[in-house]
Amino acid sequence: MIEIKDLSLTFKNADEDHEALKAVTLDIPEGCIYGFVGSNGAGKSTLLRVISGIYRPDSGSVTIDETEVYDRPQAKENIFFVSDETVQFSRLTVNDLKSFYQSSYPTFDDKVFDDLISKLDLPRKKPLSQFSKGMKRQAIVAAALASRTKYILLDEAFDGLDPAMRRLIRTMIVDDIFDRGATLIVSSHNVTEIGELCDKAMLLHKGEVIFAKDIDDVREGFEKVQIALPEGELDRSAIENAGVEVLSFRNLGRVSTVVAKGEKADITAKLSAISPAVLELVPLTLEEIFIYEMEVHGYANSEE
Ligand SMILES: Nc1ncnc2c1ncn2[C@@H]1O[C@H](COP(=O)(O)OP(=O)(O)OP(=O)(O)O)[C@@H](O)[C@H]1O
């Protein structure tokens, strides 16, 4: 179990300081796949680095199985962090990578690594600098899975992978996580992918946790409705005057699409009171919910 309590971190720069994480509190249970989602610069990588013990928080704490990670090499043996940058390995070959991680992780399993590298069909003696971005990613993910750590942290999980490889890597990771009861944390901008892969998700914005929920509960409390009057067009204020909390309002011809916050029955009852000719609930994607939540917290959506 990873427990993050009231964690804050400020980067101190020559020109100005930047508070990258603000009082983050989050529990990551064992055996789950947890998705970190957020806008650019939200603090996802920084939080993954704090959990991995690379950065020390200014205040608050991170404990993994009740042990603080920062400055504790033994605790780090339980964690494999796949950074979104693989530059540091450029001169190494796949075989060098194997030796490197063999010495870093006592649990490293040679057979798992060799099988994965064969499955991915990666050259073993070519420097990683001559690999494509996706190939580098594949090699590091193979090392992560072979290290048999209890916790795997993947920054920008599937960056640079083509659709077929995304699916293969995803299956490899999920099978491994389930088989071993390990815990995976992934950050991604691909909300659909997070929705398909994860049990839980956390939305981070400007260093603050906006929500942390089971994926199945993320849609709770939001409804998307298509509504039209028998004559004329509706406007946003007509919906708001009916007592509905409107997150987004768009008109396409005479039909308005409204995203509202609240319970289905309550929203339907309030909108029925304005006697519409059309009133239909339509499914809301996870991506829409994440965007609306961020808009509520001041994120500018260029589509609006
Ligand atoms: N080493 C650093 N020194 C100074 N500021 C930093 C440093 N690393 C990150 N930051 C700043 O902290 C904030 C959070 O960055 P971080 O990389 O954690 O965001 P992110 O959510 O991973 O973003 P992205 O999705 O764009 O990768 C950003 O404003 C970034 O500029």
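Residues numbered from 1 in each chain as written. Predicted model: local features only at pLDDT ≥ 70, side-chain atom pairs only at ≥ 80, totals over all residues. Heavy atoms only, no water.

(A) Fine view of the sheet that holds strand 4 (residues 59–64). If you walk across this open sheet you meet the 4 strands as 2-1-4-5, and the pairing is antiparallel. With partners counted over all chains shown, the strands left at the sheet margins are strand 2 (18–28) and strand 5 (67–68), one partner each. Pairing of strand 1 (residues 2–11) with strand 4, which is carried by 5 bridges, proceeds in the antiparallel orientation. Bridge assignment links Ile 2 to a residue of strand 4, and that residue is Ile 64. Sitting on the sheet, helix 1 (residues 44–51) is in contact with strand 1, strand 2 and strand 4, with an inclination near 120° to strand 1. (Pairing = 2+ DSSP bridges. Helix = DSSP H or I, 4+ residues; strand = E, 2+ residues; numbered from the N terminus. Contact = heavy atoms within 4.5 Å. Axes fitted to C-alpha atoms, helices over the stretch in contact; angles between N-to-C directions.)

(B) Focus on unusual backbone geometry. Within the chain, Asp 121 stands out as a residue other than glycine whose phi angle is a positive 60°. Note that Asp 121 resides in the loop between helix 4 (110–120) and helix 5 (133–146). A positive phi angle, near 50°, is found at Lys 206, a position not held by glycine. Along the polypeptide, Lys 206 turns up in the loop between strand 9 (200–205) and strand 10 (208–214).

(C) Seen up close, the site of the ligand. Near the ligand you find 14 residues, and of these Gly 41, Lys 44, Ser 45, Thr 46 and His 189 are the closest. At a separation of 2.8 Å, an oxygen atom of the ligand approaches a polar side-chain atom of Asn 40. Here an oxygen atom of the ligand and a side-chain polar atom of Ser 45 are 2.8 Å apart. Expressed as a share of its isolated accessible area of 640 Å², the protein-covered part of the ligand is 66%. Contributing elements (two or more residues each) for the shell around the ligand: strand 2 and helix 1. No other element matches helix 1, which puts 3 residues into the shell around the ligand. Here the shell around the ligand is composed, by residue class, of 3 nonpolar, 9 polar and 2 charged. (Near = heavy atom within 4 Å. Polar contact = N/O pair within 3.5 Å; in protein donor to acceptor, adjacent residues only side chain to side chain. Areas by Shrake-Rupley, 256 points an atom, 1.4 Å probe, with all protein chains shown as cover. Nonpolar A, V, L, I, M, F, W, Y, C, P; charged D, E, K, R; others polar.)

(D) Region of the structure containing the pairing of strand 11 (residues 222–228). The buried fraction of strand 11 amounts to 6 of the 7 residues, a majority that puts the element mostly inside the structure. Bridge count between strand 11 and strand 14 (residues 278–282): 5 bridges; the pairing is antiparallel. From the neighbouring strand, Ile 227 faces strand 14, where its bridge partner is Leu 279. (Buried < 20%, exposed > 50% of the residue type's maximum accessible area, 1.4 Å probe, protein only.)

(E) View of the packing of aromatic side chains. Applying the stated criterion across every chain yields a total of 8 aromatic pairs. Judged by centre distance (5.4 Å) and plane angle (25°), the rings of Phe 80 and Tyr 105 are stacked. Highlighted residues: Phe 80 in strand 6 (residues 79–82) and Tyr 105 in the loop between helix 3 (94–104) and helix 4, separated in sequence by 25 residues. The same class applies to Phe 80 as to Tyr 105, namely buried. (Phe/Tyr/Trp six-rings, centres within 6.5 Å; stacked < 30°, edge-to-face > 60°.)

(F) Region of the structure containing the domain arrangement of the protein chain. We note that the domain assignment places domain 1 (2–217) and domain 2 (220–283) within the protein chain. One C-alpha centre belongs to domain 1, the other to domain 2; they are set 41 Å apart. (Domains from an automatic or database assignment.)

(G) Structural detail: helix 1. For helix 1, a buried count of 7 out of 8 residues is recorded, marking the element as mostly surrounded by other parts of the structure. All of the buried residues along helix 1 are Lys 44, Thr 46, Leu 47, Leu 48, Arg 49, Val 50 and Ile 51. Within two residues after helix 1, Gly 53 carries a phi angle of roughly 85°, on the positive side.

(H) Structural view of a negative patch on the surface. There is a patch of like negative charges on the surface, built from Asp 199, Asp 216, Asp 217, Glu 220 and Glu 263. With respect to the helices, strands and loops of the structure, Glu 263 is situated in the loop between strand 13 (255–261) and helix 10 (264–272). (Patch = residues over 30% accessible without salt bridge, like charges linked within 9 Å, V, L, I, M, F, W, Y side chains within 5 Å. Salt bridge = Lys/Arg side-chain N within 4 Å of Asp/Glu carboxyl O. Lys, Arg positive; Asp, Glu negative; His and termini not counted. Charge placed at Lys NZ, Arg CZ, Asp CG, Glu CD.)

(I) The arrangement of the nonpolar core in detail. Ranked by size, the top nonpolar core spans 57 residues in total, and within it Leu 154, Ile 169, Ile 173 and Phe 290 carry the most contacts. Counting residues per element, this core draws most heavily on helix 5, at 8 residues. A domain-level breakdown of this core finds at least three residues from each of domain 1 (2–217) and domain 2 (220–283). Every residue in contact with Leu 154, bar those within four places of it in the chain, is listed here: Leu 48, Val 82, Arg 137, Val 141, Ile 173, Leu 184, Ile 185, Val 186 and Ser 187. (Core = buried A, V, L, I, M, F, W, Y, C linked by side-chain atoms within 4.5 Å.)

(J) Broad picture of the environment of Val 209. By the secondary structure assignment, Val 209 is in strand 10. It is 9.4 Å that separates the C-alpha atoms of Val 209 and Gly 38, two residues lying 171 residues apart in sequence. Excluding its chain neighbours within four sequence positions, the residues that come into contact with Val 209 are Val 24, Thr 25, Met 202, Leu 203 and Leu 204.

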